[in-house]
Amino acid sequence: MAKQKPRTAVIPVNEKVGAGGELHQTAAGTHPPMTTNQGGIVADDENSLKIGERGPVLLEDFALIEKLNHFNHERIPERVVHARGAAAHGFFELTDSLAEFSRAKILSEVGVKTPLFARFSTVAGNMGSADTARDVRGFAVKFYTQEGNWDLVGNNIPVFFIQDAIKFPDLIHAAKQEPDRGFPQAQTAHDTFWDWASLSPESTHMLMWIMSDRAIPRSFRMMEGFGVHSFRLINDAGTSTYVKFHWRPKLGMQSVVWDEALKISGGDPDFHRRDLWNAINIGSPPEWELAVQLFDEEFATSFDFDILDATKLIPEEVIPLRVIGRMVLDRNPDNYFAETEQVAFCTTHVVPGIDFTNDPLLQGRNQSYLDTQITRLGGPNFAQLPINAPRCPVRNFQRDGHMQMAAPKGRVSYSPSSLDSTTERTNPTIGFKSFPAREAGDKLKVRSPTFADHFSQARLFFFSQTEPEQNHIVSAFIFELSKVQTEAVRLCLMGRLANVDEAIAKRVANGLGYEGPIAKAPTTVAVRTDLKPSPMLSILAKAKPTLKGRLVGCLVADGTDPKLVTAVEEAAVKMGAEMKVIAPKVGGAKGSDGGLIRADFQLAGGPSVLFDTIVLALSAEGTAMLTKEAAAVAFVHDAFAHLKVIGHSAEAKALMDKAGVVPDAGVVAIKGKDGTAFLQAAAKGRIWPREPTVRAVF
Ligand code: HDD
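Cut-offs used in this document
Residues numbered from 1 in each chain as written. Predicted model: local features only at pLDDT ≥ 70, side-chain atom pairs only at ≥ 80, totals over all residues. Heavy atoms only, no water. Donors = N, O, S within 2.8 Å, 3.2 Å for Na, K, Ca; no water. Helix = DSSP H or I, 4+ residues; strand = E, 2+ residues; numbered from the N terminus. Core = buried A, V, L, I, M, F, W, Y, C linked by side-chain atoms within 4.5 Å. Buried < 20%, exposed > 50% of the residue type's maximum accessible area, 1.4 Å probe, protein only. Domains from an automatic or database assignment. Contact = heavy atoms within 4.5 Å. Buried area = accessible area lost by both parts, 1.4 Å probe. Salt bridge = Lys/Arg side-chain N within 4 Å of Asp/Glu carboxyl O. Polar contact = N/O pair within 3.5 Å; in protein donor to acceptor, adjacent residues only side chain to side chain. Nonpolar A, V, L, I, M, F, W, Y, C, P; charged D, E, K, R; others polar. Near = heavy atom within 4 Å. 1 Å grid on protein atoms, 1.4 Å probe; cavity = no way out; pocket = protein on both sides within 12 Å on 5 of 7 lines; lining within 4 Å. Points joined across faces, edges and corners; volume = space filled by probe spheres on them.

From the protein, the iron atom of the ligand takes a single donor atom, Tyr369 (OH), 1.9 Å away. In this fold, Tyr369 is placed in helix α9 (residues 360–377).

With that out of the way, let us pick up the nonpolar core. Judged by nonpolar contacts, the single largest core of 65 residues is most densely connected at Phe161, Phe193, Trp194, Met208, Ile210 and Phe477. Contributing elements (two or more residues each) for this core: α2 (168–175), α3 (191–198), α4 (204–210), α7 (297–302), α10 (456–463), α11 (467–482), α12 (487–500) and α13 (502–512). Residue contributions to this core reach at least three from each of two domains, namely domain 1 (85–384) and domain 2 (452–541). The contacts of Phe477, once residues within four sequence positions are left out, are Trp194, Leu207, Met208, Met211, Leu493, Leu497 and Val508. One finds Ala86, Leu116, Trp150 and Val292 within the second-largest nonpolar core, a separate group that totals 38 residues.

Partitioning the chain into structural domains gives domain 1 (85–384), domain 2 (452–541) and domain 3 (545–694). Contacts between the two partners involve 36 residues from domain 1 and, on the opposite side, 35 residues from domain 2. For the pairing of domain 1 and domain 2, the buried interface totals around 3300 Å² over both sides, and the portion due to carbon and sulfur atoms is 65%. The largest contributions to the domain 1 side of the interface with domain 2 come from Asp191, Trp194 and Met208, which together make up 20% of the buried area. Here domain 1 is connected to domain 2 by 1 salt bridge. Between Asp304 and Arg528 there is a salt bridge, and its shortest N-O distance comes to 3.4 Å. In this structure, the connection of domain 1 to domain 2 is made through 14 residue pairs in polar contact (both at pLDDT 80 or more). By residue class, the composition of the side of domain 1 that touches domain 2 is 16 nonpolar, 10 polar and 10 charged.

Bringing the site of the ligand into the picture now. What surrounds the ligand is a group of 22 residues, the closest being Arg79, Arg119, Arg365, Tyr369 and Gln373. Between the ligand and the protein, one listed contact pairs a nitrogen atom with a side-chain N or O atom of His82 at 3.4 Å. With respect to the ligand, the side chain of Tyr369 contributes an N or O atom lying 2.7 Å from a nitrogen atom. Elements that contribute at least two residues to the shell around the ligand include exactly β4 (137–145), β5 (148–155) and α9. Looking at the shell around the ligand residue by residue, the classes come out as 11 nonpolar, 8 polar and 3 charged.

So, about the environment of Val586. Following the sequence through the fold, Val586 ends up in the loop between β13 (578–583) and β14 (589–590). On the basis of relative accessibility, which here comes to 47%, the residue Val586 falls in the partly exposed class. Along the primary structure Val586 and Phe601 are separated by 15 residues, whereas in three dimensions their C-alpha atoms are 5.4 Å apart. Not counting the four nearest positions on each side in its chain, Val586 is found in contact with Ala599, Asp600, Phe601 and Gln602.

Looking now at the pattern of salt bridges. Summed over all chains, the structure comprises 36 salt bridges. Of the charged contacts, one joins Glu93 and Arg326 as a salt bridge, the two residues approaching to 3.0 Å between their closest N and O atoms. With a gap of 233 residues between them, Glu93 in strand β2 (residues 85–94) and Arg326 in strand β10 (residues 322–331) connect regions that are remote in the sequence. For Glu93, a relative accessible area of 17% gives the class buried. On the basis of relative accessibility, which here comes to 23%, the residue Arg326 falls in the partly exposed class. Residue Asp96 pairs with Arg322 through a salt bridge whose shortest N-O separation is 2.9 Å. Placement of Asp96 in the loop between β2 and β3 (113–122) and of Arg322 in strand β10 is noted, with a sequence separation of 226 residues between them. Accessibility expressed as a relative area gives 28% for Arg322, which makes it partly exposed.

Right, let's talk about empty space enclosed by the protein for a bit. If you roll a probe as big as a water molecule over the atoms, it shows you where there is empty space left. According to the stated counting rule, one finds 4 cavities of 30 Å³ or more in the structure shown. Considered as a void within the structure, the largest cavity measures approximately 160 Å³ in volume. With 3 residues, strand β8 (residues 240–249) is the largest single contributor of residues to the lining of the largest cavity. Per-class residue counts for the lining of the largest cavity are 10 nonpolar, 2 polar and 5 charged. Considered as a void within the structure, the second largest cavity measures approximately 60 Å³ in volume. In terms of lining, the second largest cavity is formed by Trp150, Asp151, Leu152, Val153, Phe231, Thr347, Val350 and Arg365. It is β5 that contributes the most residues to the lining of the second largest cavity, 4 residues altogether.

Approximately 2100 Å³ is the volume found for the largest pocket. Forming the walls of the largest pocket are 50 residues, and the residues nearest its centre are Pro393, Val394, Arg395, Asn396 and Gln398. Listing elements by their share of the lining of the largest pocket, those giving two or more residues are β5 and α9. When the residues that make up the lining of the largest pocket are grouped by side-chain class, the tally is 20 nonpolar, 19 polar and 11 charged. Space inside the second largest pocket adds up to approximately 930 Å³. Around the second largest pocket sit 45 residues that line it, and Val81, His82, Val123, Phe168 and Tyr369 are the ones nearest its centre. Elements with a minimum of two residues in the lining of the second largest pocket: β3, β4, β5, α2 and α9.

The subject of this paragraph is unusual backbone geometry. In the segment running from Phe183 into Pro184, the intervening peptide bond is cis, with an omega of 0°. Following the sequence through the fold, Pro184 ends up in the loop between α2 and α3. In this chain, Ser415 is followed by Pro416 through a cis amide linkage whose omega measures 0°. Mapped onto the fold, Pro416 is located in the loop between α9 and α10.

The structure is reproduced here in structure tokens:
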């Protein structure tokens with residue numbers, strides 16, 4: 001981890017800022033001349049060319065015209081879904097060869113580091129929406145392999161809303177802001193989404209996931225990722241093995257609680273992108289394991305569900321994960337637009353040895369991505385943009401088009417040809433060959449009956465969760481449906497929940513204020529109650545007790561003992577966490593030794609929702625001042641209500657009393673200058689038993 005500036009310094013407070021505005025020094029350096037896009041050196045970039053000092057502006061000011069013209073065209077259409085995202089560069093390193101199953105070099109050459117670019121996103125919100133909206137997170141990785149680019153365009157949830165791509169535009173239209181009013185932004189809590197969902201039983205399993213805490217992750221660094229579909233691996237002999245891809249975060253999974261998510265949206269709408277950026281910036285690169293579930297045709301035909309149905313998963317307890325490598329994200333983009341915005345993922349970007357299945361969702365996606373890039377990036381040459389360009393030779397006879405950057409030489413731009421012996425030819429030995437699956441049948445617009453059970457895995461998911469997680473799913477349904485104005489939609493959706501389990505439906509109905517039985521929605525498929533719970537689907541059941549990559553928020557005020565702050569920070573850093581200091585003034589607070597305690601946040605700009613755990617390092621003087629400050633009371637109150645561990649000096653008690661803190665295992669007094677006990681408690685995560693004492697559980 002990078003070295004931090006010392007937190008405390010014995011600088012007399014009155015020397016903090018000079019009287020004459022010395023803080024406004026400009027950066028020194030030699031600056032190269034500014035030019036137009038044609039390379040001409042610009043003499044004046046602040047005034048347009050006029051006749052006289054106050055006269056009309058002249059059209060001949062080409063520097064002005066060029067600058068404004070370029071500005072007018074700076075934007076490209078945002079992604080129709082997944083518009084808001086953040087990304088980073090990194091590498092993938094294979095640790096366990098799959099050569100037996102795949103001829104892809106990236107999956108068979110152990111130790112080779114393949115460069116990659118990973119982009120995380122929300123789905124429904126526009127580019128400027130908040131990061132912590134309840135939503136699926138996109139988890140897209142572009143591997144620049146020696147054999148061409150491979151894009152694994154997945155999500156942080158292993159299943160999807162629909163089974164057939166033909167329904168995708170309806171799903172997205174229903175989820176995004178309503179077309180007449182242009183709101184609500186970045187949320188499914190409105191009539192059109194739940195209208196669509198209640199009439200689309202195939203979405204039921206996914207609804208459970210998006211109402212779960214998976215849809216409000218604490219950090220991109222703390223999410224799992226999934227390729228979702230069953231893909232094929234093809235080996236040298238041409239044998240096919242089915243595969244599902246999983247990303248597992250080294251930091252473990254963690255989510256925020258819903259009220260916290262809502263408040264973070266205001267406190268820091270860029271919470272996730274800032275978190276990713278900072279982690280890489282301080283030299284703490286996030287890492288994931290890549291794991292696979294491998295299975296053959298025999299398993300596929302005997303499994304309880306259709307492996308071509310993207311609304312179903314294969315529990316890890318049925319087919320365990322095999323970890324095959326790691327992804328490390330260690331470099332932030334140089335330029336958001338050039339890289340994060342212009343990166344173009346396509347499910348069709350595969351390499352020899354990786355192939356598709358007949359999953360109808362995947363097949364439809366294979367059309368959609370290439371097509372959308374042409375609208376978004378303006379033409380068919382988007383693969384030439386540096387972020388999209390393969391890191392291996394690209395040779396073919398595709399020519400011309402908008403923004404062609406290459407200047408291929410020679411007369412021959414076709415194949416076959418005999419005029420030039422150096423032109424490229426296909427190579428059936430090493431080239432991509434589709435798996436020769438034998439297909440026959442009538443042409444039908446139908447849904448396979450093997451896709452029909454929409455409820456059993458929804459039930460499996462719910463009952464695989466710990467109690468707090470189940471409570472959150474129920475609360476999320478209540479929250480979302482409470483925003484639905486059309487009562488018939490609420491009732492219809494509760495009928496779907498009753499298909500999954502009548503008790504769940506009843507709990508939601510109770511939270512919405514409905515009494516009496518909930519009628520099941522009509523269905524011909526009986527829900528299976530015999531599926532074994534899969535604890536691997538729970539976040540909490542496999543949470544890692546660690547403070548690594550987490551953020552400690554330390555509240556200080558005048559009179560705080562700087563030694564306490566330093567001691568907690570050192571202990572936190574030792575545990576792999578970072579600490580930020582929050583003070584009434586961002587310049588810092590005057591410590592008990594007369595020196596300055598440097599702060600990172602001003603109290604109003606550093607609410608406790610931004611931190612995983614808080615410590616109140618306060619003197620009696622500071623506490624007396626902060627009990628009169630609503631932001632300080634809210635800081636403590638929210639931390640308690642969000643089930644966080646709170647460390648505190650003995651003198652901070654009055655502030656905690658005012659904030660309604662009731663002592664429990666998560667309220668830890670710091671004895672002397674030793675923050676270890678507090679941090680060890682914080683590493684265990686939230687205090688779940690506190691939850692029923694701070695909010696209603698339905
Ligand atoms: Fe999609 C973007 C993931 C179904 C059509 N999708 C997009 C991104 C991710 C996913 C992560 C953002 C990539 C980036 O960061 O640039 N999409 C999924 C997953 C799906 C899925 C995991 C189901 C398993 N998507 C899906 C379907 C269709 C699309 C069924 C259309 C038939 N998706 C698109 C798109 C986007 C897109 C319209 C918008 C921008 C883009 O492609 O590049 O083509």
